[in-house]
Amino acid sequence: MTDHPLSRRAFTGLVAGAASASLLPPSLRARLAARQPEYEVAVERDVMVTMRDGIRLATDVYRPARDGAPVPGGFPVLLERTPYGKHLPSRSERTAVRVEPYGRAEIAAYFVTRGYVVVYQDARGTYASEGGFTKYLSEAADGADTVRWLTRQAWCNGKVGTMGLSYAAHTQGALACLAPGGLAAMFLDSGGFSNAYQGGIRQGGAFEMKQATWAHRNALASKEVQADPALRERLAAVDVRDWFRPERFPWRPGHSPVSLVPAYEEYLFEQWTHGAFDGYWKQKGLWAGGCYDDYADVPMVHLSSWYDPYPRTAAENYLGLKARKRGPVRLIMGPWTHGDRSLTYAGDVDFGPASTIDGDLAEDFRALRLRWFDRWLRGMDNGVEADPPVRLVVMGGGSGRKNAAGRLEHGGAWRWAWDWPVPGTRLIRYHFRADGSLTQATPADEEGSRTWRYDPRDPVPTIGGAITSGRPVMEGGAYDQREGPRFFGSTVPGRALADRPDVLVFQTPPLTEPVELIGPIEVRLWVSSDCPDTDFTAKLIDVYPPSADWPDGFAMNLTDGIIGARYRESWERPVWMKTGRVYRVTIEAFPTANRFMSGHRIRVDLSSSNFPRFDRNPNTGEPEGRWTTTPVASNTVWLSRRRPSHVVLPVAPPREGDRG
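Parameters at a glance
Residues numbered from 1 in each chain as written. Predicted model: local features only at pLDDT ≥ 70, side-chain atom pairs only at ≥ 80, totals over all residues. Heavy atoms only, no water. Buried < 20%, exposed > 50% of the residue type's maximum accessible area, 1.4 Å probe, protein only. Helix = DSSP H or I, 4+ residues; strand = E, 2+ residues; numbered from the N terminus. Pairing = 2+ DSSP bridges. Core = buried A, V, L, I, M, F, W, Y, C linked by side-chain atoms within 4.5 Å. Axes fitted to C-alpha atoms, helices over the stretch in contact; angles between N-to-C directions. Parallel < 35°, antiparallel > 145°, perpendicular 65-115°, else oblique. Contact = heavy atoms within 4.5 Å. Nonpolar A, V, L, I, M, F, W, Y, C, P; charged D, E, K, R; others polar. Lys, Arg positive; Asp, Glu negative; His and termini not counted. Salt bridge = Lys/Arg side-chain N within 4 Å of Asp/Glu carboxyl O. Polar contact = N/O pair within 3.5 Å; in protein donor to acceptor, adjacent residues only side chain to side chain.

(A) Spotlight on the pairing of strand β26 (residues 601-607). With 6 of its 7 residues buried, β26 lies for the most part within the structure. Looking at chain direction, strand β21 (residues 504-507) and β26 are connected through 4 bridges and run antiparallel. Considered in β26, the bridge of Gln507 is made with Arg603. Two strands pair when backbone bridges link them, and strand β23 (residues 535-544) and β26 are joined in this way by 7 bridges, in the antiparallel orientation. Paired with Thr537 across the two strands is Ser607, which belongs to β26.

Laid out in C-alpha cells, this is it:
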C-alpha cells in the first residue's frame, strides 16, 4: 500500500473534530473536495429488465444529458437495488446541514451531473417489479443478472459500481458472491451479511425480533396490501406492541402480527424456526463468509456503526476479503444508529461534532462515495488508495455533562489505523469474581459461583443496543441502563437493570487512567442450569460516576451478545444440557470502540434475556418459535480458579500524544 502524504504514525493517531481537515496538506484537501457538476439529467423510468427465470424487474435509469438529450457514449454505472421503492427517498440520504432526506432522484442527479449513469431497481416482488418477494433469497441471482444487463447497454462503459444502505447493501453482498463480469467497485453501507445467522436475523442461536416488526411495516407497503384498501386498513390497525406481550407468545402461522399477509408471515417463520446453522443459512445472500474465495475482487468499502446490527458483518467482511483479494478493501465505523452517519447522537448519548462523516472524512456522505467511485470507476488520481484502510470513531472523552437536548456528552473522535483490530491491541482477560468485581487477577478460590432465576414471562427489557427496524417496540442506541416507560417490558420505572435479581453485575474499581477498548468482545463462561436449554447474555457498559447532572451516575451500554446453551458445541448440531453438569459457553458480542475515562468503571452484566431484541428462550429445549411451556430456570455462572469465567477485552495502544 502506498503511504499517505502524512506519516503513517500520524494517521494511526487521533483525528479530532471537523477542524482536523485543516491539518491535511493543501494538495490533499483539494483532492478531497467534491467535483462540480458537468451534465444535466435525463431519466427513463420503469425499464423492465428480464431475469434468468423470465421475471421482469422495474428499473429507473438516470443518464448524463445536455440540452435535454442523453449524451451519447458509455459512462460508468452506479446501481442500487432496493425493496423500499426506487422512487421513494431513503431516510439516510441526508447530511449534517440538511435534515430532510434527499430524494433518490436528487441523489441520482448528484452523481449523474458528475459523469455517471445511476440505476435504481425495485427488488423482486416489490413495487413495480414482477414476481413474489421472499426476503433476501433472490438477490444474488437477480443482482448478477442486472449487472450483466447493464454492461450490455450502449450507455454503460462496461464498469458497474454498487451502493446502498441496509437491504440495498445486502443486495450488493449477495450479487458479489456470484462475481458478475463488469462489477468494478462497491460501497456497502450497513449490510451485506457476512453471516446472517450471527448478525441481522439471528445471533448466538437467538432470533432477532426486529424481523417481525420489519415484516409488519413492510407488509403494509406490499403490492397485495396496497391493492386492497380493506386489507390495508386491517393490517394498519394491528397493535404490534400488544403482540409482544409475553403472554401472547408463542406465535403460530395464522396467529401473528403479519398473518393477514401470508407471504411475509411465511418467510418470518422460516427464519425463526431454522434454529440450527443448516443449508438455509448457507445460501448466497445470507452467508458471504462461505464464498469469500468466489466473492468479487473489486475495490470495496464496508461501513457500519456501533449501534447498528452490522458492525460484525462489516468487520468480518473486511478481514475475510482483504486476506483474499487485491482490493483494496476498506472499513469505516462510527457511533451511529443504522444509517445515521450524519447525526452526532444515538439514543440519549451525544458523541460530539467530531463523530460524523460530514467534515471529517468528506464534505458529506455523497462526496465520500463520489471520491471512491471517481478513483475506481473513472481512474481519477484523488488519493483514495493512500487512505488508511481502517477509519473509526472511538467513543468517549467528552465532558460527561447533560447538553441542551438532555443527552450525555460522551464525546468521540476519529482514529485511523492500518488494520483491524488496531495494530498493537492487547487481548486482556478480566475475570468475574463472586464479590461482583471485574479484575485481571485470576480467581484464587477453589469454588465460587453466582446464581439467578430466569423467568421467560418476566425477561430483562431491551434498553438500546445494535437495533434497527424495531419500532414501535424497541429503539437502538446508547441509554442509561434503567427501566422506564420508553422501553418495552419495563415493570419498575426508574429501576436500574443492575438492581434486577436476574442480572449479575461485575465491574472494575474506578479507573485511575483512561482505557481504550477497540474490537470484538468475547465472554467465556462456565455455566450450569436445571433446565435442558437456556440463554446466557452479556452486556459491556461504561459506568459514569454520580455527578450534578447524573446524580445516580450513567450506565451507558456499548455492546452486547447472547448464546443459546444448546449451541455451545456446534451451530449445526444442538446439544442439550443435563442438570448438575457444568459447561463452557462463549458469547461473542459485536465489536465496539470506547475510551473509558479516569473515574469510570468497566462493567459487564450477565443474564439470560434481552427482550424484545431477542426471542425469549423457554428453557425447555423445544424447537425455536414452537415451544409450549416456559418453566423458570435456575442458572449459575462459575467463578473459580478451576472455572475462571472472564471477558476478553481488546485494549488498544495509546494514541499519538496520549499521556493517559
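(B) The nonpolar core, seen in detail. Counting 97 residues, the largest nonpolar core has Phe432, Met556 and Leu606 as the members making the most contacts within it. Of all hydrophobic cores here, the second largest spans 42 residues; its members include Trp214, Ala276, Leu286 and Phe488.

(C) Representation of the sheet that holds strand β16 (residues 408-409) in the model. The strand order β13-β14-β16 describes an open sheet built from 3 strands, whose pairing is mixed. The two strands at the open ends of the sheet, each matched to only one other strand, are β13 (345-346) and β16. Here strand β14 (residues 349-350) runs beside β16; their pairing, made up of 2 bridges, is parallel. Bridge assignment links Val349 to a residue of β16, and that residue is Leu408.

(D) Region of the structure containing the packing of helix α4 (residues 139-151) against helix α5 (residues 167-176). It is at 7 Å that the axes of α4 and α5 come closest, and there the two elements cross at 80°. Between α4 and α5, the angle falls in the class roughly perpendicular. Between α4 and α5, the residues in contact are Glu139, Ala140, Gly143, Ala144 and Val147 and Tyr167, Thr171, Ala174 and Leu175, respectively. The residue inventory of the contact of α4 with α5, partitioned by class, reads 6 nonpolar, 2 polar and 1 charged.

(E) The arrangement of the side chain of Asp308 in detail. Considering the arrangement of structural elements, one finds Asp308 in the loop between β11 (300-307) and α11 (311-322). For the buried residue Asp308, which engages in no salt bridge, the nearest side chain bearing the opposite charge is Arg91, 6.8 Å off. Polar contacts involving the side chain of Asp308 include one to the side chain of Ser304, which spans 2.7 Å. Residues contacting Asp308, with those up to four places away along its chain left out, are Ser190, Trp336, His338, Ala466 and Phe590.

(F) Structural detail: the pattern of salt bridges. Across all of its chains, the model carries 47 salt bridges by this definition. Between Glu516 and Arg415 there is a salt bridge whose closest N-O contact spans 2.4 Å. With a gap of 101 residues between them, Glu516 in strand β22 (residues 515-529) and Arg415 in strand β17 (residues 412-417) connect regions that are remote in the sequence. A residue is classified by how much of its surface remains accessible, and Arg415, at 2% relative accessible area, is buried. The partner of Glu516 in a salt bridge is Arg595, with the nearest N and O atoms 3.2 Å apart.

(G) Looking closely at unusual backbone geometry. Residue Pro250 is reached from Phe249 by a cis peptide bond, and omega for that bond is 0°. Position of Pro250 relative to the elements: it lies in the loop between α9 (240-243) and α10 (262-273). The phi torsion at Asp46 lies on the positive side, around 55°, for a residue other than glycine. Considering the arrangement of structural elements, one finds Asp46 in strand β2 (residues 40-50). Owing to a relative accessible area of 39%, Asp46 belongs among the partly exposed residues under this scheme. Its identity is not glycine, yet Ser190 carries a phi of approximately 60°, on the positive side. Its place among the elements puts Ser190 in the loop between β8 (183-189) and β9 (202-203). Residue classification places Ser190 among the buried positions, given a relative accessible area of 1%.

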